[in-house]
Amino acid sequence: MIKKCFAKINLSLDIISKRPDGYHNIDTLMARINLFDKLEIEKNSDGKFTYESNLNLGKVEDNLVFKAYEIMKNLAGDKATGIRVKLSKNIPVAAGLAGGSTNAAETMKALNELWGLGLSKKALMEEGAKLGADIPFFFLDRAARATGIGEILEPFRIKTPLKVLLVNDGTNIASAHVYKNTKLFGHINNIEIAKGLEEGSWAVVNDFENVMEDVVLRDFPHLKAIKENLIDKGAIKAIVSGSGGSIFGIFRDKKNLDSAYDALKDSYYFVRKVDLIDD
């Protein structure tokens with residue numbers, strides 16, 4: 001079984017409060033993009049989990065794909081088998097694009113099918129939330145406003161034809177560090193932004209904001225140049241995705257997008273024109 005694991009960007013992200021369990025309540029607008037990892041999963045006869053990837057992602061036991069397998073195996077009972085997993089990574093790591101979360105979600109979808117478990121989307125989302133706050137989003141297949149720790153999802157359609165250039169210079173940023181050092185805000189009106197995007201408004205793009213940017217750009221000041229370059233090359237908004245270190249520029253027309261891509265493609269580790277996916 002082969003699955004595409006699509007990345008996401010946070011069009012706007014606010015932190016509302018810190019919770020007693022250490023998590024944060026957030027309010028964010030997330031959209032999938034057509035950048036994806038490829039996940040290949042097949043049953044094996046020895047009852048074991050085997051894993052290979054084009055990148056060294058550390059100990060297998062710490063990998064979200066393995067943790068997703070463990071959750072599904074516990075749910076499957078006698079239906080569970082060993083599996084062989086091959087993961088081809090294209091999404092930059094520790095980049096605010098939820099690469100690990102999308103890998104975990106697609107692993108859960110695949111095993112639900114492969115083992116014939118028949119678990120509902122709601123059940124999978126609840127189980128996925130135990131592993132990571134971004135994981136439930138990847139069961140929706142459309143843009144969504146996420147609140148709570150990210151598990152409360154309100155899908156919406158994006159009709160504004162956003163053109164996006166994604167840039168990553170290889171800087172790995174730990175989400176825990178950014179969350180720990182970000183102040184509590186609660187001032188972004190993501191309800192109105194989502195409404196505007198559903199109506200095809202360009203004006204609401206000016207309201208896109210990520211409150212984590214202050215920490216990301218303070219502690220990794222070299223990333224400011226990427227934002228400045230995107231704006232200089234015609235982006236109407238440039239913003240850090242999630243906890244960083246990817247930065248994306250929003251363009252109104254293809255000509256400016258193409259021009260910016262040509263100007264920046266040889267300057268950074270990863271530069272990609274991406275489309276929003278809103279199935």
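Everything discussed here concerns the structure shown above.
To keep things clear, this report deals only with the structure shown in the data block. Since this is a predicted model, take the numbers as computed values, not measurements.

What counts, and at which threshold
- Residues numbered from 1 in each chain as written.
- Predicted model: local features only at pLDDT ≥ 70, side-chain atom pairs only at ≥ 80, totals over all residues.
- Heavy atoms only, no water.
- Helix = DSSP H or I, 4+ residues; strand = E, 2+ residues; numbered from the N terminus.
- Buried < 20%, exposed > 50% of the residue type's maximum accessible area, 1.4 Å probe, protein only.
- Contact = heavy atoms within 4.5 Å.
- Areas by Shrake-Rupley, 256 points an atom, 1.4 Å probe, with all protein chains shown as cover.
- Arc of directions from axis to C-beta.
- Polar contact = N/O pair within 3.5 Å; in protein donor to acceptor, adjacent residues only side chain to side chain.
- Pairing = 2+ DSSP bridges.
- Axes fitted to C-alpha atoms, helices over the stretch in contact; angles between N-to-C directions.

This brings us to the overall build of the chain. From N to C terminus, the chain includes eight helices and 11 strands. Overall size of the chain, expressed as C-alpha extent along the three principal axes, is 55 × 40 × 35 Å. When the 279 residues of the chain are sorted by exposure, 52% land in the buried category. Partitioning the intrachain contacts of the chain with sequence separation of at least 6 by distance along the chain shows that 75% fall at a separation of at least 24. Entry remark: accessible area of the chain is about 12,500 Å², with carbon and sulfur atoms responsible for 47%.

Below, the discussion takes up the side chain of Asp37. Looking at the secondary structure, you find Asp37 in strand S2 (residues 24-44). The residues contacting Asp37, other than those within four sequence positions of it, are Lys3, Lys4, Cys5, Leu87, Ser88, Lys89, Asn90, Ile91, Gly99 and Asn103.

It is worth spelling out unusual backbone geometry at this point. A cis amide bond links Gly244 to the next residue, Gly245, at an omega of 5°. In this fold, Gly245 is placed in the loop between strand S8 (237-240) and strand S9 (247-251). Despite not being glycine, Ala98 shows a phi value in the positive range, around 65°. Summarising the element assignment, Ala98 is placed in the loop between strand S4 (82-88) and helix H2 (99-114). Under the relative-accessibility criterion, Ala98 is labelled buried at 11%. With phi around 65°, Asp141 is a residue other than glycine that occupies positive phi space. With respect to the helices, strands and loops of the structure, Asp141 is situated in the loop between helix H3 (121-129) and strand S5 (144-147).

A few words on helix H8 (residues 254-264). Burial in H8 covers these residues: Leu257, Asp258, Ala260 and Leu264. Down the axis of H8, the smallest arc covering the buried residues is 165°, so these residues share one side. Residues of H8 that are buried sit in contact with strand S7 (163-168), helix H7 (224-232), S9 and strand S10 (270-274). The N-capping residue of H8, defined by a side-chain oxygen 3.2 Å from the backbone nitrogen of Lys255, is Asp253.

Quick look at the sheet that holds S8 now. Spatial ordering of the open sheet is given by S8-S9-S7-S10, a layout of four strands whose pairing is antiparallel. Edge positions in the sheet fall to S8 and S10, since each of these pairs with one other strand and no more. Ignoring which end each strand starts from, the neighbouring axes of this sheet average 20° apart. The sheet contact formed by S7 and S10 spans five bridges and is antiparallel. Pairing of Leu166 across the sheet is with Arg272, part of S10.

Function cannot be read off these values alone, since they describe shape.
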